[in-house]
Amino acid sequence: MPNQRARPTLRRRRLGEQLAAKRDEAGLSLEDAAALMGWDKPTLSKIENARRHISTKEVEDLLGHYGVHDSEFIGAMAALARDAGKKGWWAGFGDVGDSYQDLLSVDTDAEAVRFFSPTLIPGLLQRGAYARQVINSSAITRTDEDKEALSRLRLARQSVLERSPNPLRLRAVIGEAALHQSFPDPNAMRDQLAYLLEVSTRKGITVQVMPLDCGGHPGLAGMFSIVSFPSPWPTVVNLENLRGGTFVEGTNDVTIFEEAFDQIVATAQSPDESRETIKKIMEEKHS
């Protein structure tokens, strides 16, 4: 819709939330804090609600008024202010890229991701044919052109696994049912399983299989991923769905998912056992 206001970037929203939190900790009202900067109340309100740009110098001055002297934290906030309005690499994918900007921004900024995916190979580990089959089946409101763009976007997203100097660390627990999926393209699943075997041997990537006969575990509630960032940024949880995904934040809520993931890892097959399971399925179904 041409008159629809663009959604603020995730970086700008996180910056606004952190600035608001530090103002509250300092015991200052919006009006009092704004006055310290020579602003009016609406200006600071727009900054905290991610509707107005703030410069790195203004961030540093504002945090100084709030009594914040942690140089690491100040540097992180200043970096957010500097990068908040930047277009990500996904801008080249047009509206399709914009609709997933939060998820893609999270991938770009994260240092580690932990997945539990009971019925699907996680997007960061999908191969081309498999990704196309999944997107063609699940992106039910998209045009054929959009689906093709989404497939290319999903593969481009995987560059975080090979970035230098700090590739994204990934741990994925995948339900065995996902490995038995079949598609009209007979090569899609075979190539996908072969890729899982290859990628599971890479440094920083761990793949485990949750067997069909594992019994009960917290993952029965559904798919989720836990995303960790460099200090001082808190860990978040992403709940993916047909509309893209929803982020869960807050220490208590995130801790629930982290404890659940630890139980899932303990229930799943070891990495070596998992590779043997993948090989067995390949031999039985794709030889």
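Residues numbered from 1 in each chain as written. Predicted model: local features only at pLDDT ≥ 70, side-chain atom pairs only at ≥ 80, totals over all residues. Heavy atoms only, no water.

## Remarks on the packing of aromatic side chains
Stage number 1. Counting across every chain of the model gives four aromatic pairs.
Stage number 2. For the pair F116 and F224, a centre-to-centre distance of 6.3 Å together with 45 degrees between the ring planes defines the contact as tilted. One end of the pair, F116, is in strand β1 (residues 112-117); the other, F224, is in strand β4 (residues 224-228), with 108 residues separating them in the sequence.
Stage number 3. Residues F224 and F261 carry aromatic rings whose centres are separated by 6.4 Å and whose planes lie at 80 degrees to one another, so their mutual orientation is edge-to-face. Of this pair, F224 sits in strand β4 while F261 sits in helix α12 (residues 251-267); the two residues are 37 residues apart in sequence, bridging distant segments of the chain. (Phe/Tyr/Trp six-rings, centres within 6.5 Å; stacked < 30°, edge-to-face > 60°. Helix = DSSP H or I, 4+ residues; strand = E, 2+ residues; numbered from the N terminus.)

## Considerations on the packing of helix α1 (residues 10-25) against helix α3 (residues 41-48)
Stage number 1. The contact between α1 and α3 brings their axes to 7 Å, and the two run at 125 degrees. Classified by the interaxial angle, the pair formed by α1 and α3 is oblique. On α3, the residues touching G16, E17, L19, A20 and R23 of α1 are L44, I47 and E48.
Stage number 2. Tallied by class, residues from the contact of α1 with α3 come to four nonpolar, one polar and three charged. (Axes fitted to C-alpha atoms, helices over the stretch in contact; angles between N-to-C directions. Parallel < 35°, antiparallel > 145°, perpendicular 65-115°, else oblique. Contact = heavy atoms within 4.5 Å. Nonpolar A, V, L, I, M, F, W, Y, C, P; charged D, E, K, R; others polar.)

## Points about the nonpolar core
Stage number 1. One finds I54, L63, L125, L179 and L196 to be the most contacted residues of the largest nonpolar core, which totals 58 residues.
Stage number 2. With seven residues, helix α11 (residues 186-199) is the largest single contributor of residues to this core.
Stage number 3. Residue contacts for L63: discarding those within four places in its chain leaves L19, K22, V68, F73, I74 and M77.
Stage number 4. Counting 12 residues, the second-largest nonpolar core is a separate cluster that includes V173, V248, V265 and A268. (Core = buried A, V, L, I, M, F, W, Y, C linked by side-chain atoms within 4.5 Å. Buried < 20%, exposed > 50% of the residue type's maximum accessible area, 1.4 Å probe, protein only.)

## Brief notes about the side chain of D107
Stage number 1. Looking at where D107 falls in the secondary structure, it is placed in helix α7 (residues 101-109).
Stage number 2. Take D107: its relative accessible area is 4%, and that puts it in the buried class.
Stage number 3. With sequence-adjacent residues up to four places away left out, D107 is seen in contact with L124, R157, V160 and R163.

## Concerning α3
Stage number 1. The set of residues buried in α3 consists of T43, L44, I47 and E48. Each buried residue of α3 sits inside an arc of 130 degrees when the element is viewed along its axis, so together they form one side.
Stage number 2. In this fold, the buried residues of α3 make contact with α1, α2 (30-36) and α4 (56-65). (Arc of directions from axis to C-beta.)

## Regarding the pattern of salt bridges
Any two side chains of opposite charge can pair, given that their charged atoms come close.
Stage number 1. Evaluation of the coordinates by the stated rule reveals 13 salt bridges.
Stage number 2. Among the ionic pairs, R82 bridges to D83, the shortest N-O distance being 3.3 Å.
Stage number 3. Of the charged contacts in the structure, one is a salt bridge between K279 and E276, with a shortest N-O distance of 3.6 Å. Of this pair, K279 and E276 both sit in helix α13 (residues 271-286), three residues apart, roughly one helical turn. (Salt bridge = Lys/Arg side-chain N within 4 Å of Asp/Glu carboxyl O.)

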